[in-house]
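The lines below spell out each chain.
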Amino acid sequence: MKSPVLAALWVAGSLAFSINAFAVETITVYQDPGCGCCHGWAEHMRAEGFQVTEVPSADMARVKESLGVPPDLASCHTAQIGASGQVVEGHVPASVVRKLLAAQDTRGVSAPGMPLNAPGMGRLDGTLVTVDFQGRPFSKD
């Protein structure tokens, strides 16, 4: 009698783990309504399995300030990760966003300015440097 109950519990536990292992990470990206490269970055993130909501904003300075983006690390769009609340500034590759998610002590990362070798702008070439919000190198892609 215990065997079917234990088997059912094992199956239920395995199913719950599987669902959590494949949970889709949600990201809200705030962008100037007239910016095309921001949409390009959002499409890159969608292609990498993220669920992205694009929110047009005429006051990006206020968005950046409210999310704690250092002014010297600003780019054209700002995103917030739903579950963790971490912040992604600019054209940060999806692989770096995944690294950020694993680094829960890191508040945010940035690809400052408008780098031509970043998702939404151009092709990654191995030289894109992203930094954390203290300005320290975080990744090179």
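Description of the structure in this document.

What counts, and where the lines are drawn
Residues numbered from 1 in each chain as written. Predicted model: local features only at pLDDT ≥ 70, side-chain atom pairs only at ≥ 80, totals over all residues. Heavy atoms only, no water. Buried < 20%, exposed > 50% of the residue type's maximum accessible area, 1.4 Å probe, protein only. Helix = DSSP H or I, 4+ residues; strand = E, 2+ residues; numbered from the N terminus. Arc of directions from axis to C-beta. Core = buried A, V, L, I, M, F, W, Y, C linked by side-chain atoms within 4.5 Å. Contact = heavy atoms within 4.5 Å.

**Quick word on helix 4 (residues 94–102)**
Within helix 4 the residues assigned to the buried category are Ala94, Val96, Val97, Leu100 and Leu101. Down the axis, helix 4 shows its buried residues gathered within 155° of arc, on one side only.

**Regarding the nonpolar core**
Membership of the largest hydrophobic core comes to 22 residues, with the highest contact counts inside it found for Ile27, Met45, Phe50, Val88 and Val97. The set of elements that each furnish at least two residues to this core consists of strand 1 (26–31), helix 2 (36–47), strand 3 (77–81), helix 4 and strand 5 (108–111). Here this core gets 5 residues from one element, more than from any other, and that element is helix 4. If we skip the residues at most four places from it in the chain, Met45 touches Ile27, Phe50, Val52, Val92, Ala94 and Val97. Among the nonpolar cores identified, the runner-up in size contains 8 residues, and Met60, Val69, Leu73 and Val131 belong to it.

**Here we look at the environment of Gly90**
Along the chain, Gly90 falls in strand 4 (residues 87–90). The sequence separation of Gly90 and Pro115 amounts to 25 residues, and the corresponding C-alpha distance is 9.0 Å.

**Considering the side chain of Thr106**
Of note, Thr106 is situated in the loop between helix 4 and strand 5. Sequence-distant contacts of Thr106, defined by excluding residues within four places in its chain, comprise Gln86, Leu100, Asp132 and Phe138.

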